[in-house]
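Now for the letters of each chain:
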Amino acid sequence: MKLKASILYSWFVKTVTYFLPNHPFFMGLRGFLYSLMMKKCGKNFQVASTVTITSLSGLEVGNNVYIAHNNVIIGTKIKIGEEVIIGPNCIISSGNHIFQNGSFRYGKGVANEVRIEDGSWVAGNCSVIGGAILPKQSILAAGAVLNKPMRDEKSIYGGVPARKIGEVK
């Protein structure tokens, strides 16, 4: 029941605050309203007006997190660390489908944890899917698809699927 209530509440917050400008005060207010139904939320959580977050009940967010416009966050096992930036037009999803009876359409959904660790940056137009981990102080380059756990901190990951392509200096 809590999951369904958090989905409805998320829709309510987005609808009521959609027309407020993307100014730090209003983005912080939006983040605060979302935090009331979240599993865990730190201070200074800023969310742009066009972000879609479903199932707040499984979302954990640290301090000083910024989520830019047009992001979609779907799932019940998502952990975003402290001082994380998520650029525009990204999808973060902890869910996946299983091939069953000749299609994915009616296959059972499976949720795997997604973690974006402290001090990381997910650049624009990225996809982060179930089972993925972006290590501390790392960058996921624009347009990348992170589909598995990465291990090296202070690294740059890019491509489809993402792989290590450099070091953060």
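Everything in this summary refers to the structure shown in the same document. Going along each chain's sequence as written, the residues are numbered from 1 onward. In keeping with the model being predicted, local features are shown solely for residues with a pLDDT of at least 70 and side-chain atom pairs are shown and tallied solely at 80 or more, while totals for entire chains, interfaces and linings include all residues. Excluding hydrogens and water, the side-chain values take into account all heavy atoms of the structure.

**Regarding the packing of aromatic side chains**
The geometry of an aromatic ring pair is captured by the separation of the ring centres together with the interplanar angle, meaning the angle of the planes. Under the pairing criterion, centres of Phe, Tyr and Trp rings, with the six-membered ring standing for Trp, must be within 6.5 Å; the plane angle then separates stacked pairs below 30 degrees from edge-to-face pairs above 60, leaving the rest tilted. By the definition in use, this model includes three aromatic pairs. Taking the centre distance of 5.1 Å and the plane angle of 85° together, the rings of tyrosine 18 and phenylalanine 19 count as edge-to-face. For every residue, the accessible area (1.4 Å probe, protein chains only) is compared with the maximum for its type, and the residue is labelled buried under 20%, exposed over 50%, or partly exposed between those bounds. Tyrosine 18 sits in the partly exposed class, given a relative accessible area of 36%. Between phenylalanine 99 and phenylalanine 104, the ring centres sit 5.0 Å apart and the planes meet at 65°, which makes this aromatic pair edge-to-face.

**A closer look at the environment of tryptophan 11**
Secondary structure elements are taken from DSSP: a helix is a run of H or I of four residues or more, a strand is a run of E of two residues or more, and numbering for both begins at the N terminus. Its location among the elements puts tryptophan 11 in helix H1 (residues 2–17). In this structure the C-alpha to C-alpha distance between tryptophan 11 and isoleucine 53, which are 42 residues apart in sequence, comes to 8.0 Å.

**Observations regarding unusual backbone geometry**
Proline 161 follows valine 160 through a cis peptide bond whose omega is -10°. Among the structural elements, proline 161 can be located in the loop between strand E18 (155–158) and strand E19 (163–167). The phi torsion at asparagine 101 lies on the positive side, around 50°, for a residue other than glycine. Tracing the backbone shows asparagine 101 in the loop between strand E10 (95–97) and strand E11 (109–111). When its relative accessible area of 76% is taken as the criterion, asparagine 101 is described as exposed.

**Thoughts on the pairing of E19**
Two strands are counted as paired when DSSP detects at least two bridges linking them. As paired strands, E18 and E19 are joined by four bridges and run antiparallel to one another. Note that in E19 the partner of tyrosine 157 across the bridge is lysine 164.

Interpretation in functional terms is not warranted from these geometric data alone.
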